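# Notes for the structure review
Residues per chain are reported as follows:
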Amino acid sequence: MSPETTAPRSLAEALRARDDASLSVLLRSRPDLITPVPTDLTQLATRAGTRASVVRALERLDRFTLQTAEALAVAREPATYEELLGLLAGDDGDPAVTAAFPQALGTLREQALLWGPDDRLRLVRTARELLAPSPQHPSPTGLGPTVAEATAGMSPGRIQEIVAAAGLASTHDSVSAVASLGALFADRTRMSALLDEAPAEAVDVLSRLVWGPPYGQVTAEPAAHLRWLIGRGLLLPTAPGTVVLPREVALHLRAGRAHRVTEPVAPVVGTATAHRPQAVDAAAAGQAYTTLATVEELLKDWHEGGPAVLRAGGLSVRDLKRTAVALDVPEPVAAFWVELAYAAGLVASDGEADERFAATPAYDAWLELPAAERWARLASAWLAATRTAGLVGGRDAKDRTLSALGPGLDRSAAPEVRHRVLALLAELPEGSSPDVDTLLTRLHWERPSRSVRQSPEDARARLARWTLSEAELLGVTGWGALSAQGRALLGLPAPAGAPPAAPSGPGDRLPAHHRRRRSEASAVAAPAPHSPAERAAAAERAARLLAPLLPEPLDHVLLQADLTAVAPGPLERPLADTLGVLADVESKGGATVYRFTPASVRRALDAGRSASDLHAFLAAHSRTPVPQPLAYLIDDMARRHGHLRIGAASAYVRCDDEAVLNEILADKRSQEFGLRRIAPTVLVAQADPSGLLAGLRTMGFAPAAESAEGDVLISRAHAHRTPPRTAPEPVPDGPPVPDATLLGAAIRAIRAGDLASTAPRKDDTAAGRPGDGALPRTSSAETLATMQAAVMTGEAVWIGYVNAEGAASQRVIAPIRVEGGFVTAYDHTADEVRTYPLHRVTGVAELADDQP
């Protein structure tokens, strides 16, 4: 049988010839095709040819595969394997192109952008329309129209003049004349002889147009060399004053190449610097510890309720600056930490009338986790988040400022770019940081175009740069190189055969840990995680690898005589919380310095601590003796604390020492409170208790607030929490990739529907057989009679069925029983026994005798 009789006549026929594995590859690469599941292969082919689906598929091709599609769009239709390869490899045959071509062609065929055997290759019509050159949308190849396209509408006499000037015999019609002219331009030998006769200036004009754009301007009276070109059809007029270089001429001048530069091989990502893997992991672990400390400090700053939510949503510029000052980081970095906490579900809006940001209940649960698990939770949230902190401060399409925690920060491509950037880092030698320019070049080769018709935006490059900086901030990378815990977080295998490095100096203190961690990472050879279970398993492995590198929390500080305490490392949480109340943080770094002040000691006393409690606390947690100045400070503040009592009158002040009250009344700064004596030991005021309390503390006194019962009020920070909140859902970049179960079910349904729609039927017009693709239509009586006859004969029939949602489908069934207005039958479409209401059957037709 000849190839012409076996070649598919349409994309639907080509899909019908595929096996289930091939269809699975198609549906995985283009998941939009099964949303919803097509009824049959004809509908699948139709959906695969829609503009939106084709554009999406083209945007996900690498550079060379896209160049292959662009070359096929300018080739004759249908094209052969050799013709298409010639357009890419040129007349000389580039060996790199020849080697890469089969894979590119296979990718286009797998994704149903190309169909047909190698001797009849066809690009899907929509893809050809998108990629073929036109005056409004030039092709990336820089080629113009063919001779036939450029001469359409030209007068027959003018065509015959061009044919004669080119040295060809005249013909009896324009079609054959255009064909002979095109054959001349495509013939390398005759075309070279013709160009040998061209004036030098004419050759210069062709060289300027050969790589595009192919259009040029001419005057009403062109020069002699231009007249020579126009007269022989080497330049053809397209509009008054405009000429174009025909595609066949350009391909001859290009030595058969469709592209000026063909890129069959992916660019190599270069190495900028190399470090020891231990140094990389240690640096990443140090930054991971900083990540935890920074997020805790952020949420501690918002402990009693954070900044107000803007009316349009998000954080104001002033509040972001205030947060940056509190964290001692630049504003873009502060925006990243805020967005990270939000992506992890640790902060959200409280939903109150006076809406503010605050920690969520999940934050309290997060604090109870081990440090490595807390980091893994943050890193996993960052890796999957579509919110992009790098956009904060920019402008949206309506020229509105994009604010942190506000709308407009989602970029659906962000997770894919993050995974790809980190995966490319994993391909470098262990401990190597990438050359950023070559990394961006590689990413651009893998996804060369954000739009088929326009130059690609720099969005992916910006996302890649942000990924590199954010991964370093987060501790996924160290010194720019991917760490072992970062590799595990991605679910990527460790470098094969990476030997454990021996210690080379005093700083290498964890060689045994590294050997265990690297052997464990080597055992992880799973693909990049997609499902929630896979992501959780990857995060658990990353936490397990990170844990040995994080410093152990300390249970002690070093008290010094200058009223400071030095924490030489991270403190245990109860110790850190208590010390944070008793002292103020003066400096951070490898060691945290706390300073004791009268205000900080009073804060601890206000929180219900007594002087003896504070002395005991310091003695228990200090590796050095409690300095005498600090003991005196605590005793002095405790002796004065609560000596004055303030309550509600509007407010009153009472004190057993009349001299203290006399001192207050004599101080001019107390006049604003409207104080007057009502008893030797009691003053009343016009101010409210909180204002009076703050005012007297400003004057140097140490009053304590008391309740209506006369008890001292203990003031502790009120932890403000939002109601339970879920972390923000990432905005998907199109439909999710289907899993194996969904793919199997979808393919079975498509094939079953295809069986129903393509099964041959008897030519029975009395049964109301419709045309191809339409549902059968019969009366209720005819439907019932045919069903009953099929039960008796055991034959299968073809029915049209409309379900409860109004969706119509075709099915092939073998009726078993008809009663009570229902037919019970074996449904070949669903491969199971089902029961259908007869009133939902649109009609029934018998199948051909050779059908099941």
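Residues numbered from 1 in each chain as written. Predicted model: local features only at pLDDT ≥ 70, side-chain atom pairs only at ≥ 80, totals over all residues. Heavy atoms only, no water.

## Digging into the overall build of the protein chain
The number of helices and strands found in the protein chain is 35 helices and 25 strands. The 852 residues of the protein chain split such that 47% are buried. Counting contacts in the protein chain only where the partners sit at least 6 residues apart, residues at least 24 apart contribute 67% of the total. If you sum the accessible surface of the protein chain, you get close to 40,400 Å²; carbon and sulfur atoms cover 54% of it. (Helix = DSSP H or I, 4+ residues; strand = E, 2+ residues; numbered from the N terminus. Buried < 20%, exposed > 50% of the residue type's maximum accessible area, 1.4 Å probe, protein only. Contact = heavy atoms within 4.5 Å. Areas by Shrake-Rupley, 256 points an atom, 1.4 Å probe, with all protein chains shown as cover.)

## Observations regarding empty space enclosed by the protein
A probe as big as a water molecule, rolled over the atoms, marks out the empty space that is left. What the rule picks out here adds up to six cavities of 30 Å³ or more. If you trace the largest cavity, you find it lined by F336, E339, L340, A343, W382, A385, R387, T388, A389, R418 and E470. Broken down by element, the residue count for the lining of the largest cavity peaks at four residues, all from helix α19 (residues 331–343). Taken together, the residues of the lining of the largest cavity break down into six nonpolar, one polar and four charged. (1 Å grid on protein atoms, 1.4 Å probe; cavity = no way out; pocket = protein on both sides within 12 Å on 5 of 7 lines; lining within 4 Å. Points joined across faces, edges and corners; volume = space filled by probe spheres on them. Nonpolar A, V, L, I, M, F, W, Y, C, P; charged D, E, K, R; others polar.)

## Quick notes on helix α24 (residues 459–474)
Since the α-helix advances by 3.6 residues per turn, residues separated by three or four positions end up pointing in the same direction. Along its 16 residues, α24 runs 22 Å from first to last C-alpha, staying within 8% of the 22 Å computed at 1.5 Å per residue. Where α24 is concerned, the buried positions are R460, A461, L463, A464, W466, T467, L468, E470, A471 and L474. Buried residues belonging to α24 abut α17 (277–301), α19, α21 (371–384), α22 (414–427), α23 (436–446) and β10 (477–478). (Expected span 1.5 Å × (residues − 1).)

## Points about the environment of T624
Residue position: T624 is located in the loop between α30 (611–621) and α31 (628–640). Each C-alpha atom, one on T624 and one on H556, is 9.5 Å from the other, the two residues being 68 residues apart in sequence. Not counting the four nearest positions on each side in its chain, T624 is found in contact with L558 and L559. A distance of 2.8 Å separates the side chain of T624 from the backbone oxygen of L559, its partner in a polar contact. (Polar contact = N/O pair within 3.5 Å; in protein donor to acceptor, adjacent residues only side chain to side chain.)

## Section: helix α13 (residues 188–196)
Within the sequence span of α13, burial applies to M191, L194 and L195. Buried residues along α13 cover an arc of 95° about the axis, so they all sit on one side. Structural note: α13 exposes T189 and D196 on the side pointing more than 90 degrees away from its buried face. Residues of α13 that are buried sit in contact with α12 (174–186), α14 (200–209), α15 (224–231) and α16 (247–253). (Arc of directions from axis to C-beta.)

## Quick look at the packing of α21 against α24
As a packed pair, α21 and α24 sit with axes 11 Å apart at the nearest point and diverge in direction by 170°. With respect to α24, the axis of α21 lies roughly antiparallel. Where α21 abuts α24, its residues W375, A379 and W382 lie against T467, E470, A471 and L474. Tallied by class, residues from the contact of α21 with α24 come to five nonpolar, one polar and one charged. (Axes fitted to C-alpha atoms, helices over the stretch in contact; angles between N-to-C directions. Parallel < 35°, antiparallel > 145°, perpendicular 65-115°, else oblique.)

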